[in-house]
Structures are given as C-alpha cells and as structure tokens.
Amino acid sequence: DQQVKQNSPSLSVQEGRISILNCDYTNSMFDYFLWYKKYPAEGPTFLISISSIKDKNEDGRFTVFLNKSAKHLSLHIVPSQPGDSAVYFCAATYLSGNTGKLIFGQGTTLQVKP
Amino acid sequence: NAGVTQTPKFQVLKTGQSMTLQCAQDMNHNSMYWYRQDPGMGLRLIYYSASEGTTDKGEVPNGYNVSRLNKREFSLRLESAAPSQTSVYFCASMTSGDYEQYFGPGTRLTVT
C-alpha cells in the first residue's frame, strides 16, 4: 500500500508561470515532510521541508503548503524557470525514533517550457 | 569534500552472479541508507544504518545484505542477482538530529 502518493506523473508549465506539484499521504503519524529534486543521471537533492506543526514554509521561489486534515501537501514554484525541469519527489517521515527513514512518492516530472 | 560517492556507476550481471555496491561519505554522518528507484515506484528503502555498528531492514530488503564497515562506508551486497533487481541504486547519508539526506549519484544495475 502506497503511503505517499503523487498522482500526477508529469506537469508542463510555461516559463515565468507557477508550478504546483501535489502529494497525498495516508499515514497520519507522519510528522515531517520533504521535497527532493532529481535531474537525470544524478542523485536526488533536498529542496525544502515542512514540519507538521506548520502549514507553510517558504524558501525563495519555493513554498510548501501542508493541509493536515486533508493529508495533502503541495510545492509551489514561482516563477518557474527552465532549470527547474526535473523529477520532484515528496517524502514523509516520523520524527520519533530518529531513524530518518523516508517514504517517497512516485515522483512528478516537471517540464518548464521557455 | 566529495559528499556521497558510489561505485560502480554501471554494472551488468547475469542471473545468479553476486556483487557488492560500495558507498562512502566524507561528511561525518551517523546514518546511511540504501534505496532503489524503479519506474513509477519512486525510491524505496532497502536497508539503513542509523549509526555505526547497526543495520536494519527497510521496505524491500529481500535478496540483499548490507555491511556498515565503519562510519564512512556502507556496502550493499547481492548474493544471487535476479532480473527483478534491475534498478538504479542510491546511497544516502544524514547527520543525527537532521532529516535532510544527501544522496550519491547512483549505480545503474542490469541483471540479465
């Protein structure tokens, strides 16, 4: 059973517009969420995270929103740039136990057109 | 500062052969992880080592073994490779008290 789901395999947006990537989770025990970005032939790199005690976290052009009641988070990229074209993974974890185990979604491929 | 390094980058095995994937990190991180990435499946945790001297199973441990050789190195062994183990394997590390994992560049493994 997939505990973290990214239901959109791909997304295409125009340069300068907003990109919104979505992620749903089923386990209400998750209390920390992360977004990773992955270019072809490279390992994923950390982008932004959010704790369950917050509903928004912002870092430059990237903002993550968390809706705990809906078990939904989203990543907003404004404005989108061609260099943002990559696969984006959301991930969830439990802070208790401190094992750092991450549960990943399937990924969404973002294409930003010039 | 190389971060997380993985060897080899590519490998082709025949069914039944064995091999070890190597991972090393130079960031003095306590925790290390092995994931596999398959199309449409995201990244799935195979094994992890929360600290030197300990290892634990992740979501998909069957067919794999690991060794935390020291604080820097964490290897993944396939004793008898199967076509279902064709995948891209990523190693990651993390420092205690943080939740940001740093990933290596990956090993692309094909089992025929």
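Residues numbered from 1 in each chain as written. Chains lettered and ligands numbered in written order. Predicted model: local features only at pLDDT ≥ 70, side-chain atom pairs only at ≥ 80, totals over all residues. Heavy atoms only, no water.

(A) Looking closely at the layout of surface pockets. One number sums up the size of the largest pocket: a volume of about 530 Å³. Along the walls of the largest pocket sit 30 residues, with K38(A), Q37(B), V88(B), F90(B) and R108(B) positioned nearest its centre. Counting residues per element, the ones that place at least two in the lining of the largest pocket are strand 9 (86-93) of chain A together with strand 4 (31-38), strand 9 (87-94) and strand 11 (107-111) of chain B. Considering every element that reaches the lining of the largest pocket, the biggest residue donor is strand 11 of chain B, with four residues. When the residues that make up the lining of the largest pocket are grouped by side-chain class, the tally is 13 nonpolar, 12 polar and five charged. (1 Å grid on protein atoms, 1.4 Å probe; cavity = no way out; pocket = protein on both sides within 12 Å on 5 of 7 lines; lining within 4 Å. Points joined across faces, edges and corners; volume = space filled by probe spheres on them. Helix = DSSP H or I, 4+ residues; strand = E, 2+ residues; numbered from the N terminus. Nonpolar A, V, L, I, M, F, W, Y, C, P; charged D, E, K, R; others polar.)

(B) Highlighting the pairing of strand 3 (residues 19-25) of chain A. All names here are of chain A. What you see with strand 3 is a clean split: S19, L21, C23 and Y25 sit on the buried side and I20, N22 and D24 on the side with no burial. Note that strand 3 and strand 8 (residues 72-77) share six bridges and pair antiparallel. Bridged to S19 within strand 8 is I77. (Buried < 20%, exposed > 50% of the residue type's maximum accessible area, 1.4 Å probe, protein only. Pairing = 2+ DSSP bridges.)

(C) Local environment of the environment of F90(B). Residue and element names in this part refer to chain B. Relative to the elements of secondary structure, F90 occurs in strand 9. For F90, a relative accessible area of 1% corresponds to the buried category. Along the chain, F90 and S67 lie 23 residues apart, while their C-alpha atoms are 15 Å from each other.

(D) Spotlight on the sheet that holds strand 1 (residues 4-5) of chain A. The sheet built from five strands is open, its strands ordered 1-3-8-7-6 (chain A) with antiparallel pairing. Of all strands in the sheet, those with a lone pairing partner are strand 1 and strand 6 (56-59) of chain A, marking the two edges.

(E) Region of interest: the confidence of the model for chain B. Across chain B, the average pLDDT comes to 94, with 99% of residues at or above 70. Mean pLDDT values for the elements of chain B range from 94 in strand 6 (residues 56-57) of chain B up to 98 in strand 8 (residues 74-78) of chain B. (pLDDT = per-residue confidence, 0-100.)

(F) The packing of aromatic side chains, seen in detail. All names here are of chain A. A full pass over the atoms with the stated rule returns 15 aromatic pairs over all chains. Ring centres 5.0 Å apart and planes at 40 degrees place the aromatic pair F30 and Y94 in the tilted group. A residue pair is termed long-range when its members are at least 10 positions apart, and F30 in the loop between strand 3 and strand 4 (32-38) and Y94 in the loop between strand 9 and strand 10 (103-104) qualify at 64 residues. According to the relative accessible area criterion, F30 is buried, its value standing at 3%. You can call Y94 partly exposed: its relative accessible area is 31%. (Phe/Tyr/Trp six-rings, centres within 6.5 Å; stacked < 30°, edge-to-face > 60°.)

(G) Structural context of the state of the cysteines. All names here are of chain A. Overall, the coordinates contain two disulfides over all chains when judged by the stated rule. Between the sulfur of C23 and that of C90 lies a disulfide, 1.9 Å long from S to S. Linking C23 and C90, the disulfide has an S-S dihedral of approximately 65 degrees and is accordingly described as right-handed. Highlighted residues: C23 in strand 3 and C90 in strand 9, separated in sequence by 67 residues. (Disulfide = S-S within 2.5 Å.)

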